Amino acid sequence: MYRKTFYLLLITALVHVVSCTTTPVTGTRSFILIPFSQEVQLGQEAYRDFLSKEKANINKDPKINEMVSRITKNLAMKSDMPNLKWQTTVINSKEANAFCLPGGKMVVYTGILPLCKNEAGLAAVIGHEMAHAVARHGAQRMTQQLVLNLGLSVASVSFQNSKYRDLIIASLGAGSTVGILLPYSRDNEYEADEIGTIYMARAGYDPNEAVNLWKRFASMGGSQQPEFLSTHPYSQNRAQRLSSLMPRAMAEYKKSPKYGLGSNL
Ligand SMILES: [Zn+2]
């Protein structure tokens, strides 16, 4: 009996050692059981599925699309995964929301644009979302689900597995599209703030606008509260953590202050 427990612990420890990955920018280590290729494939499948359902709502405004793809390209080039097939689709919606699926597939809802106010504000949102993919937060959350649902093996995580389909989509980061509210942990959010702010600064956008953007979000109360805040809760701690990032972000920004706040939205 003890022998069995010992071997089980040993195997768990070994799996932990081989599955630990280090997150760029923050250097934190995380436990991930999902292979990167599987995570990217799931993200692509969920994205294709989402876009086919939202086909009629895809925004075609050339000015907005040009700005969104410029920001995506600028941030991706300065990210730690420049070779991912990064893509952002703009969806016409009153919802003030945005999300990123593993593999770099992002969605920005037009409802969030007035809150972003300018290109740098939008770069803060896209940078933050991009950071969730680079830090592999979706795969971390799926690993937690694997541990919680002991019957679910790594191989069974697929869209053919209809029983877990919505849970997989929510774990990937697009829970709002299937009606499951699954916010990232506070640590994941801090980490995405940190990585995203550094990326926007490296790309030449004024990182102070990230702080201003979150203040604008937070100042909207009650029924006005943007959807984005239900999955990205804003707190005093978060504001302080963001402000404390500024010296490091400004040092990056000063190397190439290319866009400042950029164009207005
Ligand atoms: Zn987030």
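Criteria and thresholds
Residues numbered from 1 in each chain as written. Predicted model: local features only at pLDDT ≥ 70, side-chain atom pairs only at ≥ 80, totals over all residues. Heavy atoms only, no water. Helix = DSSP H or I, 4+ residues; strand = E, 2+ residues; numbered from the N terminus. Contact = heavy atoms within 4.5 Å. Areas by Shrake-Rupley, 256 points an atom, 1.4 Å probe, with all protein chains shown as cover. Pairing = 2+ DSSP bridges. Axes fitted to C-alpha atoms, helices over the stretch in contact; angles between N-to-C directions. Phe/Tyr/Trp six-rings, centres within 6.5 Å; stacked < 30°, edge-to-face > 60°. Buried < 20%, exposed > 50% of the residue type's maximum accessible area, 1.4 Å probe, protein only. 1 Å grid on protein atoms, 1.4 Å probe; cavity = no way out; pocket = protein on both sides within 12 Å on 5 of 7 lines; lining within 4 Å. Points joined across faces, edges and corners; volume = space filled by probe spheres on them. pLDDT = per-residue confidence, 0-100. Polar contact = N/O pair within 3.5 Å; in protein donor to acceptor, adjacent residues only side chain to side chain. Parallel < 35°, antiparallel > 145°, perpendicular 65-115°, else oblique. Left-handed = near helix turned anticlockwise from the far one by under 90°. Expected span 1.5 Å × (residues − 1).

**Student:** Talk me through the overall build of the chain; I want residue IDs and the actual numbers.
**Tutor:** Within the chain, the secondary structure is distributed over eleven helices and five strands. Pairs at least 24 apart in sequence give 70% of the contacts found in the chain among residues at least 6 apart. With the model as given, the accessible surface of the chain reaches about 12,900 Å², and the carbon-plus-sulfur share is 56%.

**Student:** Tell me what's going on with the sheet that holds strand β4 (residues 98-101), and back it up with residues and numbers.
**Tutor:** Strand pairing in a sheet takes place through backbone hydrogen bonds and is either antiparallel or parallel in direction. The mixed open sheet is built from three strands, whose spatial order is β3-β5-β4. Where the open sheet ends on each side, the last strands, each with one partner, are β3 (87-91) and β4. When the angles between neighbouring strand axes are averaged without regard to direction, this sheet yields 15°. Pairing analysis gives four bridges linking β4 to strand β5 (residues 105-109), with the strands arranged antiparallel.

**Student:** Explain the packing of aromatic side chains to me, using residue names and the numbers behind them.
**Tutor:** Each aromatic ring pair is characterised by the separation of its centres together with the angle its planes make. The tally for this structure, following the rule as stated, stands at six aromatic pairs. The interplanar angle of 25° and the centroid separation of 5.8 Å between the aromatic rings of W214 and F228 together place this pair among those described as stacked. One end of the pair, W214, is in helix α9 (residues 208-219); the other, F228, is in helix α10 (residues 227-231), and 14 residues separate them in sequence. According to the relative accessible area criterion, W214 is buried, its value standing at 4%. F228 sits in the buried class, given a relative accessible area of 0%. Judged by centre distance (5.4 Å) and plane angle (35°), the ring pair of F217 and F228 falls under tilted.

**Student:** Lay out the layout of surface pockets with the relevant residues and their values.
**Tutor:** A volume near 240 Å³ is recorded for the largest pocket. Residue lining of the largest pocket: 15 residues in total, with T28, H137, D187, N188 and E191 positioned closest to the centre. Counting only elements with at least two residues in the lining of the largest pocket, the list comes to β2 (29-31), α6 (137-148) and α8 (186-202). The element that contributes the greatest number of residues to the lining of the largest pocket is α8, accounting for five residues.

**Student:** Please provide a residue-by-residue account of the confidence of the model for the chain, values included.
**Tutor:** Across the chain, the average pLDDT comes to 87, with 90% of residues at 70 or higher. Summarising per-element confidence for the chain, the mean pLDDT is lowest in helix α1 (residues 2-19) (53) and highest in β3 (98).

**Student:** Could you give me a rundown of the side chain of T110, with the residues and numbers involved?
**Tutor:** Residue position: T110 is located in the loop between β5 and α4 (113-116). At 2.9 Å, the side chain of T110 forms a polar contact with the backbone nitrogen of S93. Residues in contact with T110, not counting those within four places in the same chain, are N59, V90, I91, N92 and S93.

**Student:** Could you give an account of empty space enclosed by the protein, with specific residues and numbers?
**Tutor:** Counted under the stated rule, the structure contains three cavities of 30 Å³ or more. Of the pockets and cavities examined, the largest cavity occupies roughly 140 Å³. As for the largest cavity, its lining consists of 17 residues, and the residues nearest its centre are F99, G173, A174, G175 and T231. Those elements giving two or more residues to the lining of the largest cavity turn out to be β4 and α7 (165-174).

**Student:** So what's going on with the packing of helix α5 (residues 119-134) against α8? Residues and values would help.
**Tutor:** Interaxial distance between α5 and α8 falls to 7 Å at its minimum, and their mutual angle equals 125°. Overall, the two elements α5 and α8 adopt an arrangement that is oblique. Here the hand of the crossing between α5 and α8 comes out right-handed. Of α8, the residues touching α5 (which contributes A120, A123, A124, G127, H128, A131, H132 and V134) are N188, E189, A192, D193, I195, G196, Y199 and M200.

**Student:** Could you give an account of α8, with specific residues and numbers?
**Tutor:** With 17 residues, α8 should cover 24 Å at 1.5 Å per step; its first-to-last C-alpha distance of 24 Å lies within 8% of that length. For α8, the buried fraction is high: 14 of the 17 residues fall into the buried class. Immediately downstream of α8, the backbone of G204 shows phi near 100°, a positive value.

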